[in-house]
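# Chain and residue survey
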Amino acid sequence: MAQTDIERLYDEHAQAVFAFLLNFTRHEADTRDLLQELFVKLARRPELLGGVRDERAFLLRLAHNLALDLIRRRGTREKYHGQLAGEPAPIFTLAAEPDEGAFREALAAALGDIPAEQRAVVHLKLWEGLTFEQIAELLAIPLNTAASRYRYGLDKLRERLRPLYDEIK
Amino acid sequence: MNPDELEKRLERQPLRQVPSAWRDQILSAARQASRSEHAPRTTHHVGSRPSLLSTLHHQLSTLLWPHPVAWAGLAAVWVVILGVNLTTRDAAPLVARHSSPLSPQVFMAFQAQEQLLNELLGPPEASVADRPKPPLSQPRSEGRREMVMV
């Protein structure tokens, strides 16, 4: 793959992949490693992009698979060494207003409490604007599963955010 | 709280930007990987197809990775089974090998014992098959008739 192609891919899609990975892993160093792993993989095997219609969706799918691999590896390691993940990384930009800042903090914490599979669907729906069909294809899950994961995830977020939301509305 | 209202509010939350310093680092790593990937192929391999070993390695990694502990356990069980099988298979021919060759001394001793036994027992008697068979016993009624006549 030509260097300009990789650079173009990075400039066009790295932000979306970064946000997805950060929300999925909740860990900045892991996100960086995964983002680098993804672009290194693409540089090594440019044929992966051959015939791909939607580059963004393809990169997000690749990122999701890499993140799952990392979680599996980490899961095995942590089981044996009893290591715990550090402080979750902030996933939203800092807010100027205190109320908005509090809401974002609460939202980030609530997102961290829902299962990663639900979080992935919620992220792709809310912040990537994908349809359930696209999400199902991207995550290789049935359409109904994608919809139900979104519903369950959103219900939990609503429960967690209700007091704060009512207060600052 | 209206569901649509919450979703709209969540959608408006601005996500963090990817750190700008990462761009150069990641692209540099990708460039390096691309160079190292293509350099050996042009010098050593004529074609661009991956070797059989690397394909096999990739396929095995994909297959075994999800449950490495389970696969390792299964492999260990097979090694134990193979070990037990080899041990038992080797033991049987050993016994046969030790027992089969008869040394000349043992053979001579065996012959001497047989000769001594023959001397002690004398010539062999007529076999059971050659002996005259006893007359068939008469029916009980015949016997009674003889007694009456006597």
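Everything numeric in this text was worked out from a predicted model, so none of it was measured.

Each helix and strand counted, chain B has 6 helices and 0 strands in total. Traced from its N-terminal end to its C-terminal end, chain B shows the element sequence α-α-α-α-α-α.

The secondary structure content of chain A amounts to 7 helices and 0 strands. Along the chain direction, N to C, the helices and strands of chain A fall in the order α-α-α-α-α-α-α. The burial tally for chain A puts 31% of its 169 residues in the buried class.

Once that is clear, we can look at the interface of chain A and chain B. How big an interface is tends to be stated in terms of accessible area lost as the parts join. In this complex, chain A contributes 29 residues to the contact, which on the side of chain B involves 21 residues. Elements represented by at least two residues in the side of chain A that touches chain B include exactly helix 1 (3-25), helix 2 (28-44), helix 4 (98-113) and helix 7 (143-168) of chain A. Sorting elements by how many residues they give to the side of chain A that touches chain B places helix 1 of chain A first, with 9 residues. By residue class, the composition of the side of chain A that touches chain B is 18 nonpolar, 4 polar and 7 charged.

It is worth spelling out the nonpolar core at this point. In this structure, V17, L21, L38, F39 and A63 of chain A are the most contacted members of the largest nonpolar core, which totals 42 residues. Broken down by secondary-structure element, the contributors of at least two residues to this core are helix 1, helix 2, helix 3 (55-81), helix 5 (116-126), helix 6 (132-139) and helix 7 of chain A together with helix 2 (20-44) of chain B.

With that settled, consider unusual backbone geometry. Peptide bonds are mostly trans, and most non-glycine residues show a negative phi. Backbone geometry places R26 of chain A, a non-glycine residue, at a positive phi of 65 degrees. Mapped onto the elements of the fold, R26 of chain A is located in the loop between helix 1 and helix 2.

All names here are of chain B. If you check helix 5 (residues 104-121), its first and last C-alpha atoms are 26 Å apart, about what 18 residues at 1.5 Å a residue would give, namely 26 Å. Here helix 5 lies mainly on the outside; 0 of its 18 residues are buried. Just downstream of helix 5, G122 is the residue with a positive phi angle, here 80 degrees.

Averaged over all residues, the pLDDT of chain A equals 88, while 88% of them reach at least 70. Counting interchain partners and residues more than four positions distant, the pLDDT-below-50 stretch residues 80-84 of chain A has 2 contacts.

Here is what the cut-offs are and how they apply
- Residues numbered from 1 in each chain as written.
- Chains lettered and ligands numbered in written order.
- Predicted model: local features only at pLDDT ≥ 70, side-chain atom pairs only at ≥ 80, totals over all residues.
- Helix = DSSP H or I, 4+ residues; strand = E, 2+ residues; numbered from the N terminus.
- Buried ≥ 20, exposed ≤ 12 C-beta atoms within 10 Å, placed from the backbone.
- Contact = placed C-beta atoms within 7 Å.
- Nonpolar A, V, L, I, M, F, W, Y, C, P; charged D, E, K, R; others polar.
- Core = buried A, V, L, I, M, F, W, Y, C linked by C-beta atoms within 7 Å.
- Expected span 1.5 Å × (residues − 1).
- pLDDT = per-residue confidence, 0-100.

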